[in-house]
Amino acid sequence: MTDRANAEDGNTIKDPEDWTTGDEPATGAQESYLRTLASEAREEAPEGLSKADASRKIDELQERTGRGR
């Protein structure tokens, strides 16, 4: 398992690969945020992603758009 501590609040952040619900469809909030980030990155928003894949794509797009952590 690859966990890392969140420096801001001390919570542990699990790698999406380790999520027990990672194979479930992305949440509405994830899909909405992906659309926003994809628009800012001038690319098509991906559809049909799992929760884990959506999380990874959000991380990627945050880096590209300057919204990274």
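Whatever comes next refers back to the structure up there.
Residues numbered from 1 in each chain as written. Predicted model: local features only at pLDDT ≥ 70, side-chain atom pairs only at ≥ 80, totals over all residues. Heavy atoms only, no water.

J.: Can you walk me through the pattern of salt bridges in this structure?
T.: One pass over the structure, following the stated rule, counts eight salt bridges. Among the salt bridges present, the one from E43 reaches R64, with a minimum N-O distance of 2.6 Å. Of the two residues, E43 sits in the loop between α1 (28-40) and α2 (51-65) while R64 sits in helix α2, which places them 21 residues apart along the sequence. Its salt-bridge partner being R56, residue D53 comes within 2.6 Å of it at the nearest N-O pair. With D53 and R56 both in helix α2, this residue pair falls three residues apart, about one helical turn. A relative accessible area of 34% places D53 in the partly exposed class. Three or more residues joined by partner-sharing salt bridges are found here, namely E43, K57, E60 and R64. (Salt bridge = Lys/Arg side-chain N within 4 Å of Asp/Glu carboxyl O. Helix = DSSP H or I, 4+ residues; strand = E, 2+ residues; numbered from the N terminus. Buried < 20%, exposed > 50% of the residue type's maximum accessible area, 1.4 Å probe, protein only.)

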